[in-house]
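So the chains spell out like this:
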Amino acid sequence: MAREAAEDLAADGVVYAEIRWAPEQHVEAGLSLEQVVDAVLAGFRQGEAQRGGPREAHRVGALVTAMRHAARSSEIAKLAVTYRDSGVVGFDIAGAEAGFPPTRHLDAFEYLRRENFHFTIHAGEAFGLPSIWRPCSGAARDRLGHGVRIVDDIDTSGSAPKLGRLAQYVRDKRIPLEMCPSSNVQTGAAASIAEHPIGLLRRLYFRVTVKHRQPADERHLE
């Protein structure tokens, strides 16, 4: 699956990608966390090799993800750092936002800061502005996964959009928002791809990126 994902990205002309997945969700059949990461990284390398040419022309990195509702984030953070020179480029927390704030995982974030390792936090899709405010005010982060609900803090009723305090902070601090239109439509955070606010945010000079979420019945890799 990892190999095919890398091949698909290359066929689409993507020269650099970061794919996230949660190793703890792939151990039910007896694999260890290390075996899961080894297998996925091997698949990425195979997919890169299929394209030929220098590896730098098509590179796939891994974002190792811990689930918000579980209690393994420190373990997963250490796993990510262990593989930092083998293809793991960052750490993430994902899953249900309501009731599972980033503050539950401060030990993991503190460890990652000590190790100078990159991490992102999924926030601002299902739970709205409070889930964006918490990682911005407490746990330092390199990027915000989703962040689409930041538009709730932007008043577009007048002749020019007016940013609220949180939206102003996110924009001024140049915090990248990992926009995922396909997921946002699936979860109801956006009515449709055509009505997705990524265009508005880009015009307002927010730092936005685009990611794609594979349907759950096809892949467990995002």
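Everything below is about the structure shown above.
Residues numbered from 1 in each chain as written. Predicted model: local features only at pLDDT ≥ 70, side-chain atom pairs only at ≥ 80, totals over all residues. Heavy atoms only, no water.

A. Structural context of the environment of Ala-66. You can see Ala-66 is positioned in strand E2 (residues 59-67). Expressed as a C-alpha distance, the spacing of Ala-66 and Asp-92, which sit 26 residues apart in the sequence, is 6.2 Å. When sequence neighbours within four positions are dropped, the list of residues in contact with Ala-66 reads Glu-24, Ser-73, Ile-76, Phe-91, Asp-92, Ile-93 and Ala-94. (Helix = DSSP H or I, 4+ residues; strand = E, 2+ residues; numbered from the N terminus. Contact = heavy atoms within 4.5 Å.)

B. Here's a closer look at helix H6 (residues 165-172). Turning to H6, its buried residues number three or more, namely Leu-166, Ala-167 and Val-170. Mapping the buried residues of H6 onto a view down its axis gives an arc of 100°, with all of them on the same face. Counted as exposed and oriented over 90 degrees from the buried face of H6: Arg-165 and Asp-172. Just downstream of H6 lies Arg-174, where phi reads positive at about 60°. (Buried < 20%, exposed > 50% of the residue type's maximum accessible area, 1.4 Å probe, protein only. Arc of directions from axis to C-beta.)

C. Seen up close, helix H3 (residues 73-82). Among all positions in H3, only Ser-73, Ile-76, Ala-77, Leu-79, Ala-80 and Val-81 are buried. Tucked into the core, H3 has its buried residues touching helix H2 (33-50), E2, strand E3 (88-94) and helix H4 (106-114).

D. Quick peek at the pattern of salt bridges. Tallied over the entire structure, the rule returns eight salt bridges. A salt bridge links Asp-92 to Arg-20, with the shortest nitrogen-to-oxygen separation between them at 2.6 Å. In this pair, Asp-92 sits in strand E3 while Arg-20 sits in strand E1 (residues 16-21), placing the two residues 72 residues apart along the sequence. For Asp-92, a relative accessible area of 0% puts it in the buried group. Put simply, Arg-20, Asp-92 and Glu-178 are held in one network by salt bridges that share partners. (Salt bridge = Lys/Arg side-chain N within 4 Å of Asp/Glu carboxyl O.)

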